[in-house]
Amino acid sequence: QVQLVESGGGSVQPGGSLRLSCVASRRFFSTRLMGWYRQAPGKERELVATISTGGLTKYVDSVKGRFTISRDNAKNTLYLQMNSLKPEDTAIYYCNAKMWDNSEYWGQGTQVTVSS
């Protein structure tokens, strides 16, 4: 069992920045892939960014150049630095962990609102 706890969400004006954090209850070496997803009202949950155990990152096209995913293995913490935020980035952001045994875990989500 892995518990994931997100923090760092909030309200920000367009063009602003936020940094999301996700603390895992298990050491990162047991995770195959970690990522951030988001779900806007009335829309399906979508993948935002992932980072592998080896540090390989991938992003959805809409956030490339604005968001950066990173991990601190010593702190068992996953981050998502979000810059140049747009109203369309408004969503609940979820942390996800995929384990080597193919099990999968989700955090409870943190709200990000971008509005003037």
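Overview of the structure.

Backbone geometry at S84 places phi at a positive 50 degrees, although glycine is not the residue there. Considering the arrangement of structural elements, one finds S84 in the loop between β8 (77–82) and β9 (91–99). A relative accessible area of 40% means that S84 is categorised as partly exposed. Non-glycine residue N102 carries a positive phi angle of around 75 degrees. By secondary structure assignment, the location of N102 is in the loop between β9 and β10 (104–106). Residue N102 is classed as exposed on the basis of its relative accessible area, which comes to 64%.

The subject of this paragraph is the environment of R45. With respect to the helices and strands, the residue R45 is situated in the loop between β4 (31–39) and β5 (46–52). The exposure class of R45 is partly exposed, given its relative accessible area of 34%. Distance in space between the C-alpha atoms of R45 and A91 is 9.3 Å, their sequence separation being 46 residues. With residues near it in sequence (within four places) discarded, R45 still touches Y37, R38, Q39, Y94 and W106.

It is worth spelling out the sheet that holds β8 at this point. In a beta sheet, neighbouring strands are held together by backbone hydrogen bonds and run either parallel or antiparallel to one another. Across the sheet, four strands lie side by side as β1-β3-β8-β7; this open sheet has antiparallel pairing. Each edge of the sheet is formed by a strand with only one pairing partner; in this case those strands are β1 (4–7) and β7 (67–72). Strand-to-strand twist of the sheet, defined as the mean angle between neighbouring strand axes without regard to direction, takes the value 15 degrees. Where strand β3 (residues 18–24) lies against β8, six bridges are found, and the strand directions are antiparallel. In the strand pairing of β8, L18 is matched with M82.

To continue, consider the side chain of E6. Relative to the assigned elements, E6 resides in strand β1. Although E6 is buried, it forms no salt bridge, and the closest oppositely charged side chain is R45 at an N-O distance of 7.6 Å. For E6, the side chain forms a polar contact with the main-chain nitrogen of C95, separated by 2.7 Å. Within the local environment of E6, its side chain forms a polar contact with the backbone nitrogen of Q108, the two atoms lying 2.9 Å apart. Setting aside its immediate chain neighbours within four residues, E6 contacts S21, C22, W36, Y93, Y94, C95, G107, Q108, G109 and T110.

Analysis parameters
- Residues numbered from 1 in each chain as written.
- Predicted model: local features only at pLDDT ≥ 70, side-chain atom pairs only at ≥ 80, totals over all residues.
- Heavy atoms only, no water.
- Helix = DSSP H or I, 4+ residues; strand = E, 2+ residues; numbered from the N terminus.
- Buried < 20%, exposed > 50% of the residue type's maximum accessible area, 1.4 Å probe, protein only.
- Contact = heavy atoms within 4.5 Å.
- Pairing = 2+ DSSP bridges.
- Axes fitted to C-alpha atoms, helices over the stretch in contact; angles between N-to-C directions.
- Lys, Arg positive; Asp, Glu negative; His and termini not counted.
- Salt bridge = Lys/Arg side-chain N within 4 Å of Asp/Glu carboxyl O.
- Polar contact = N/O pair within 3.5 Å; in protein donor to acceptor, adjacent residues only side chain to side chain.

The values reported here are purely geometric and, on their own, carry no functional implication.
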